[in-house]
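Topology and contacts: notes
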Amino acid sequence: MSAVNTNCLEGMACPECGYTERFKIIALTTATIADDGCEDHADFEYDEDARCECVSCDHVATVGAFYGRPPKLAFPEEQRMAVISTGHVTEEDSEAIPRLIRNGTINGMTREHGWMISVSSNDGDLPRLHAILNAARESGFHWVLLDCDGDTVDGLEVFDW
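The following refers to the structure shown. On a predicted model such as this, the values are computed, not experimentally measured, just so you know. (Residues numbered from 1 in each chain as written. Predicted model: local features only at pLDDT ≥ 70, side-chain atom pairs only at ≥ 80, totals over all residues. Heavy atoms only, no water.)

**Regarding the packing of aromatic side chains**
The description of an aromatic ring pair uses the distance of the two centres, along with the angle that the planes make with each other. A full pass over the atoms with the stated rule returns 3 aromatic pairs. Considering the side-chain rings of Phe23 and Phe66, the 5.1 Å spacing of their centres and the 75° angle between planes classify their relative orientation as edge-to-face. Of the two residues, Phe23 sits in strand β1 (residues 23-25) while Phe66 sits in helix α1 (residues 63-66), which places them 43 residues apart along the sequence. Note on Phe23: relative accessible area 13%, which makes it buried. Of the residues examined, Phe66 reaches a relative accessible area of 1% and is grouped as buried. Between Phe44 and Tyr46, the aromatic rings sit 6.5 Å apart at their centres with planes inclined by 15°, giving stacked as the arrangement. What links up through ring pairs into an aromatic cluster is the set Tyr19, Phe23 and Phe66. (Phe/Tyr/Trp six-rings, centres within 6.5 Å; stacked < 30°, edge-to-face > 60°. Helix = DSSP H or I, 4+ residues; strand = E, 2+ residues; numbered from the N terminus. Buried < 20%, exposed > 50% of the residue type's maximum accessible area, 1.4 Å probe, protein only.)

**A short note on the pairing of strand β8 (residues 114-118)**
The buried fraction of β8 is high, at 5 of 5 residues. Because side chains alternate across β8, one face comprises the buried residues Gly114, Met116 and Ser118, and the other comprises Trp115 and Ile117, equally buried. Direction of pairing for strand β7 (residues 108-111) relative to β8: antiparallel, over a ladder of 4 bridges. Opposite Thr110, over in β8, you have Trp115 as the bridge partner. (Pairing = 2+ DSSP bridges.)

**Focus on helix α3 (residues 127-138)**
The end-to-end C-alpha separation of α3 is 16 Å, in line with the 16 Å expected for 12 residues at 1.5 Å each. Buried residues belonging to α3 abut β6 (81-85), α2 (91-102), β8 and β9 (143-147). (Expected span 1.5 Å × (residues − 1). Contact = heavy atoms within 4.5 Å.)

**What about the environment of Ser120?**
Structurally, Ser120 can be placed in the loop between β8 and α3. Considered as a pair, Ser120 and Ile101 are 19 residues apart in the sequence and their alpha carbons are 14 Å apart. At 2.9 Å, the side chain of Ser120 and the side chain of Ser118 are in polar contact. (Polar contact = N/O pair within 3.5 Å; in protein donor to acceptor, adjacent residues only side chain to side chain.)

**A short note on the side chain of Ser85**
Within the fold, Ser85 resides in strand β6. Among the residues examined, Ser85 registers a relative accessible area of 8% and is labelled buried.

**Re unusual backbone geometry**
In this structure, Asp58 is a non-glycine residue whose phi angle is positive, near 70°. Of note in this structure, Asp125 is not a glycine but carries a positive phi near 60°. Here Asp125 lies in the loop between β8 and α3.

Below you can see the structure in the form of structure tokens.
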């Protein structure tokens, strides 16, 4: 029968077999290492996302799972979004963009104070939007949020309307 932990493993148990005595945890430490081996090491640290293995049944999960916490959701991908000023398009462009989004020419959505547009979207034959989408794509962004409170970007035209 496993002991009840009251020190650094307090609250931890293998979610598979219930074992509580010893676990292998991948932790971060600082060590002095020479060619002939490790001389010493400082304290170590780990968090709930660290890999943890039960020495009794070899079950592997996160430290959080060994504390009985539900796993974090795994989202399929991450996409970056640049937030910039609507002042980078002309007033005429600002009237055309919502119409081009509605009819499907531009892949995006209209917001209260601007638009969110995919950088792989058609630019609707709007030269300023074309320049914005190209610059954002080249900088590794997936989306551009043109917002009235967004910052201006050096190198892109700015229009006062």
